[in-house]
Amino acid sequence: MMLKSDCRHFPGDHPCRFNKESGQTCPDCTHYELPGARILIIKLAALGDVLRTTAILPGIKEQFPHSYVVWLTLENSVDLLKSNPFIDELWSLEIDTPTRLAAEEFDLVLNPDADKRAAGLASQTRAREKRGMLLDRRGCVVPANPEAVEWLEMGAFDQLKKRNQKTYQQLIYEMLKLEHHQQEIVLSLRKSEQEWARGFLSDQGWREHEKIVGINVGGGDRWKKKRWKPKHFEAIARQVIGQTGNKVMLIGGQQERQLLNDLKSALPAGVISSEANRSLRETAALIAQCRVLVTGDTLALHAASALKVPTVVLLGPTSASELEMYGRGEKIVAPIGCVSCYLTDCDIDPDCMQLITPERVMTAVAKWL
């Protein structure tokens, strides 16, 4: 057979890029390469966790230089991982798992997630070695290796979570037996996406010499008190405009549609809104245009980290220690003794996020501008 179907560049259902670009066929192609260790990463949710887990990819390539990396995730997370130079194949749980997981074998499975669905998938996969979390025959999540015990117990005991001083990245590197040295989150934007963002901003009145301060008004829906207060968002936007003269861009999604509209109506003309119907990658491209981003502990934080945008992150119910800032930006922790409580809701008034003042945030924004 003329075709070398075992080449790492052959996708199976269409020509490889070398055949498309220059007409090369297998007998005379100089790009033929067998894949190295086949590695499956299972990280399904949530969006922010999926993105920050990409920090393990450089470490995998350091330990397994010629590896062939497959990442299994949920369909709604796939966009975050597209164009990632460290990933050879992207699988979605909904589309690829039923047909491919039962047929293929791997040298190594990495599952940092204690979610039973992810742990079950890791247990089902045929592989020589497994690291992270598995599901046993009784339906219990168990560590695949001794290094995974710490993360599993942190998820079980709030006391350990609160005492922890390691970043999420350090914890998962240790769990997966990789060498950690502050490897970065990986989010690769295409040139066309960056051009779209500049065009969108230009249509809203932005000029390329102007600095943009992004204000992410989203907070997710797991922790009700994780989002800053609307009056604080309005106040910080006014302070940025009044004290620095820089542009302000409000960033949010479908859940923040009404808040985006209310804030834009209340603020001076010239404030930009990302608008609520942006895709994940469009939102990331807009964040990439910011000089500084103000945000809670959300997906936007990890996107900004990947895109090397200095970030001022506001923290209440979730852990400050787990966040890796990479020396770009700072954490503002609510001045109250019950921070990092991980409670989904509480009755304390004023609550932790109310106690973070716009003036304190403005000081940090001015520093990083």
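Values in this document were obtained by computation on a predicted structure and should not be read as measured data. (Residues numbered from 1 in each chain as written. Predicted model: local features only at pLDDT ≥ 70, side-chain atom pairs only at ≥ 80, totals over all residues. Heavy atoms only, no water.)

A. Structural detail: the pairing of strand E5 (residues 126-135). With six bridges joining them, strand E4 (residues 105-111) and E5 adopt parallel strand pairing. Counterpart to Val 109 in the pairing with E5 is Lys 130. Handedness of the crossover is the feature at issue here: the chain leaves E4, passes through helix H6 (residues 116-124), returns alongside E5, and the resulting connection is right-handed. Relative to strand E6 (residues 141-143), E5 runs antiparallel, the two sharing three bridges. (Pairing = 2+ DSSP bridges. Helix = DSSP H or I, 4+ residues; strand = E, 2+ residues; numbered from the N terminus. Right-handed = clockwise from strand over helix to strand, strands pointing away.)

B. Local environment of the side chain of Thr 298. Of note, Thr 298 is situated in the loop between strand E10 (292-296) and helix H14 (299-306). In this structure the side chain of Thr 298 is engaged in a polar contact, spanning 3.2 Å, whose partner is the side chain of Thr 295. Setting aside residues no more than four positions away along its own chain, Thr 298 makes contact with Asn 216, Gly 218 and Gly 219. (Polar contact = N/O pair within 3.5 Å; in protein donor to acceptor, adjacent residues only side chain to side chain. Contact = heavy atoms within 4.5 Å.)

C. How the structure looks around the packing of helix H10 (residues 191-203) against helix H13 (residues 280-287). The geometry of H10 relative to H13 is characterised by a closest axis approach of 9 Å and an angle of 70° between their N-to-C directions. Taken together, the axes of H10 and H13 lie roughly perpendicular to each other. In this structure, H10 crosses over H13, and the sense of that crossing is right-handed. Along its contact with H10, which presents Glu 193, Trp 196, Ala 197, Phe 200 and Leu 201, the element H13 presents Arg 281, Glu 282, Ala 285 and Leu 286. Its residues placed into classes, the contact of H10 with H13 shows six nonpolar, no polar and three charged. (Axes fitted to C-alpha atoms, helices over the stretch in contact; angles between N-to-C directions. Parallel < 35°, antiparallel > 145°, perpendicular 65-115°, else oblique. Left-handed = near helix turned anticlockwise from the far one by under 90°. Nonpolar A, V, L, I, M, F, W, Y, C, P; charged D, E, K, R; others polar.)

D. Here's a closer look at the sheet that holds strand E12 (residues 329-333). If you trace the six strands from one edge of the open sheet to the other, you get E9-E8-E7-E10-E11-E12, paired in parallel fashion. Strands at the two margins of the open sheet, each flanked by one partner only, are strand E9 (272-273) and E12. Across four bridges, the pairing between E10 and strand E11 (residues 311-315) is parallel. In the sheet register, Leu 293 faces E11, and the bridge partner there is Thr 311. Sheet strands touched by helix H12 (residues 257-266): strand E8 (247-251) and E9. Its angle to E8, the strand with the most contacts, is close to 160°.

E. Geometry of the packing of aromatic side chains. Considering all chains together, one arrives at four aromatic pairs under this definition. Aromatic side chains Trp 151 and Tyr 168 sit 5.6 Å apart centroid to centroid with 70° between the ring planes, which places their arrangement in the edge-to-face category. With Trp 151 in helix H7 (residues 149-156) and Tyr 168 in helix H9 (residues 168-175), this residue pair connects regions lying 17 residues apart in the sequence. Judged by its relative accessible area of 15%, Trp 151 falls in the buried class. In this structure Tyr 168 comes out as buried when scored by relative accessible area, which is 2%. A ring pair is formed by Trp 228 and Phe 233, whose centres lie 5.6 Å apart and whose planes are at 90°; its orientation type is edge-to-face. (Phe/Tyr/Trp six-rings, centres within 6.5 Å; stacked < 30°, edge-to-face > 60°. Buried < 20%, exposed > 50% of the residue type's maximum accessible area, 1.4 Å probe, protein only.)

No statement about biological role is implied by the geometric values presented.
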